[in-house]
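What follows is the residue order along each chain.
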Amino acid sequence: QYEEAITAYKKAIHNQPTFLFAHLGLAASCIHVGQEEDAHAVAAEVLNIDPEFSLERYAKTLPLKNKADKDLYVDALRKAGLK
């Protein structure tokens, strides 16, 4: 349901352009549907919003119980260009 997620994240970003979590979700969703170029552009926006963003620090705060889900999400963000 990544396509639906992309639509929802874009709407959230339209309503709140600096909503970091929507940008992160959008970047990960774009990776999952093969839109790498879009994911990289969104990742650049993440760094514009939060120049100190750290994927390692963010991963520690993720409320996902399932480690496999967390790893999948973090890996997608890494593929989008976040570190």
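It should be noted that the structure appears before, not after, this text.
Here we summarise the structure given alongside this text. The structure presented is a predicted model; accordingly, all values stated were derived computationally and were not measured. (Residues numbered from 1 in each chain as written. Predicted model: local features only at pLDDT ≥ 70, side-chain atom pairs only at ≥ 80, totals over all residues. Heavy atoms only, no water.)

## So, the packing of aromatic side chains
- This structure, assessed with the given rule, holds four aromatic pairs.
- Relative to F21, the ring of F19 has its centre 6.1 Å away and its plane inclined at 75°; by these criteria the two rings are edge-to-face.
- Its relative accessible area of 34% is what places F19 among the partly exposed residues.
- Residue F21 is classed as partly exposed on the basis of its relative accessible area of 48%.
- Measuring from ring centre to ring centre gives 6.3 Å for Y58 and Y73, while their planes differ by 55°; the resulting arrangement is tilted. Of the two residues, Y58 is situated in helix α4 (residues 55-61) and Y73 in helix α5 (residues 67-79); the sequence distance between them amounts to 15 residues.
- Taking relative accessible area as the criterion, Y58 reaches 10% and is therefore assigned buried. (Phe/Tyr/Trp six-rings, centres within 6.5 Å; stacked < 30°, edge-to-face > 60°. Buried < 20%, exposed > 50% of the residue type's maximum accessible area, 1.4 Å probe, protein only. Helix = DSSP H or I, 4+ residues; strand = E, 2+ residues; numbered from the N terminus.)

## Some remarks on the side chain of H23
- Along the chain, the position of H23 falls in helix α2 (residues 20-32).
- Separated by 3.0 Å, the side chain of H23 and the backbone oxygen of F19 make a polar contact.
- When neighbours within four sequence positions are excluded, H23 is seen to be in contact with I13, P17, V42, E45, V46 and I49. (Polar contact = N/O pair within 3.5 Å; in protein donor to acceptor, adjacent residues only side chain to side chain. Contact = heavy atoms within 4.5 Å.)

## Quick notes on helix α3 (residues 36-49)
- Here α3 spans 20 Å end to end across 14 residues, near enough to the 20 Å set by a 1.5 Å rise per residue.
- Residues of α3 that are buried: A39, V42, A43 and V46. The arc that holds every buried residue of α3, seen down its axis, measures 105°, which confines them to one face. Summarising the geometry of α3, the exposed residues directed more than 90 degrees from the buried face are E37 and N48. (Expected span 1.5 Å × (residues − 1). Arc of directions from axis to C-beta.)

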